[in-house]
Amino acid sequence: MTADRIIKIAPSILSADFARLGEQVAEAEQGGADAIHIDIMDGNFVPNITMGPMIVEAIRGSTSLPFDLHMMVDAPERYIDDFAGAGADIITVHAEACRHLHRTVHQILEAGKKPSVAISPATPVFALDEVIADLHQALVMTVNPGFGGQAFIESMLGKISRVRAMIDERGLTTDLQVDGGVSAATANSVVQAGANVLVAGSAVYNDRMSVAEGISAIRTCIG
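Residues numbered from 1 in each chain as written. Predicted model: local features only at pLDDT ≥ 70, side-chain atom pairs only at ≥ 80, totals over all residues. Heavy atoms only, no water.

Caption draft 1: The arrangement of the overall build of the chain in detail. Along the backbone of the chain there are seven helices and eight strands. Radius of gyration (C-alpha) of the chain: 16 Å, near the 17 Å computed for a compact globule of 223 residues. Within the chain, the proportion of its 223 residues that are buried is 52%. Surface exposure of the chain reaches about 9,600 Å², of which carbon and sulfur atoms provide 51%. (Helix = DSSP H or I, 4+ residues; strand = E, 2+ residues; numbered from the N terminus. Rg over C-alpha atoms; globule rule 2.2 N^0.38 Å. Buried < 20%, exposed > 50% of the residue type's maximum accessible area, 1.4 Å probe, protein only. Areas by Shrake-Rupley, 256 points an atom, 1.4 Å probe, with all protein chains shown as cover.)

Caption draft 2: Molecular detail of the pairing of strand β5 (residues 114-119). Across the six residues of β5, five count as buried, placing the element largely inside the fold. The sheet contact formed by strand β4 (residues 90-94) and β5 spans five bridges and is parallel. Counterpart to T92 in the pairing with β5 is S116. Chirality of the crossover, the property in question, places the unit of β4, helix α4 (residues 101-110) and β5 among those that are right-handed. (Pairing = 2+ DSSP bridges. Right-handed = clockwise from strand over helix to strand, strands pointing away.)

Caption draft 3: The pattern of salt bridges, seen in detail. Counting across every chain of the model gives nine salt bridges. In this structure, the salt-bridge partner of K8 is D175, at a minimum N-O distance of 2.8 Å. With K8 in strand β1 (residues 8-11) and D175 in strand β7 (residues 175-179), this pair connects stretches of sequence that are 167 residues apart. Through salt bridges with shared partners, a single ionic network connects D17, R20, E23 and E27. (Salt bridge = Lys/Arg side-chain N within 4 Å of Asp/Glu carboxyl O.)

Caption draft 4: Main features of the sheet that holds β7. The parallel open sheet is built from eight strands, whose spatial order is β1-β8-β7-β6-β5-β4-β3-β2. Here the strands that pair on one side only, and so sit at the sheet edges, are β1 and β2 (36-41). Each strand of the sheet is rotated relative to its neighbour by a mean of 25°, with strand direction disregarded. One ladder, built from five bridges, connects strand β6 (residues 137-141) with β7; its direction is parallel. Paired with L139 across the two strands is Q177, which belongs to β7. Strand contacts of α4: β4 and β5, with the helix running at about 145° to β5, the strand carrying the most contacts. Contacts between helix α5 (residues 156-169) and the sheet are confined to β5, β6 and β7, with β7 contributing the most and set at about 165° to the helix. (Axes fitted to C-alpha atoms, helices over the stretch in contact; angles between N-to-C directions. Contact = heavy atoms within 4.5 Å.)

Caption draft 5: Expanded view of the nonpolar core. Counting 63 residues, the largest nonpolar core has I13, I38, V117, I160, V163 and L198 as its most contacted members. Ranked by residue count, the leading element in this core is α5, at five residues. (Core = buried A, V, L, I, M, F, W, Y, C linked by side-chain atoms within 4.5 Å.)

Caption draft 6: Focus on the side chain of H94. Note that H94 resides in strand β4. A distance of 2.9 Å separates polar atoms of two side chains, one belonging to H94 and the other to H70. Setting aside residues no more than four positions away along its own chain, H94 makes contact with F45, H70, M71, M72, A118, S120, M141 and P145. (Polar contact = N/O pair within 3.5 Å; in protein donor to acceptor, adjacent residues only side chain to side chain.)

Caption draft 7: Quick look at helix α7 (residues 211-221). Within α7, burial applies to V211, G214, I215 and I218. An end-on view of α7 places all buried positions within 95° of arc, on one side of the element. On the buried face of α7, the contacting elements are β1, α1 (21-30), α6 (187-193) and β8 (197-200). With its phi angle positive at about 75°, G223 sits one or two positions after the end of α7. (Arc of directions from axis to C-beta.)

In short, the description is geometric, and any link to function would need to be established separately.
Structure follows, in structure tokens:
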């Protein structure tokens, strides 16, 4: 059932115009976004490099929305305090990137931030089993991490449902986020599978419509 869940949209600024990043962040808030999703990539865990704490700090003043930080980096514990200080609110680390996942989750808590753990397409759901009770959010990747604009992997819908079952069976309030290929064409399926936080990049930031129109199109397709 999805009727009792508030569906949140977190535009990913990976697809935004970096020449006017602060403006694009503000446009997302004005367009009805619930959070700003910020992808941090190190060129090691994933084959791409994006931004560091200085950029996060620079755009923090452009919005009052929560910053939902997605750390696609090896050994993310090295950078948690820096990003916490730069203005992150939710900090996601990848299960595959942490040698001691429980310790890293609690490092985020100790920094006064909300912990989240992501699992990539080939990572089984049980990777979340021992930490999910400590999480503000769990993230199921529906593309392989590293680049924006990839096609949604349909077989991940069953995985989303399994994580939703894990959350509900334990009576948790953990948010279930989905990231990768989310658009007006896929969002309803993702929500029906159990997600309540949708990350959308190129579906929101593109040259076909305004940011507000992109967010509205997604909301319309999920009712």
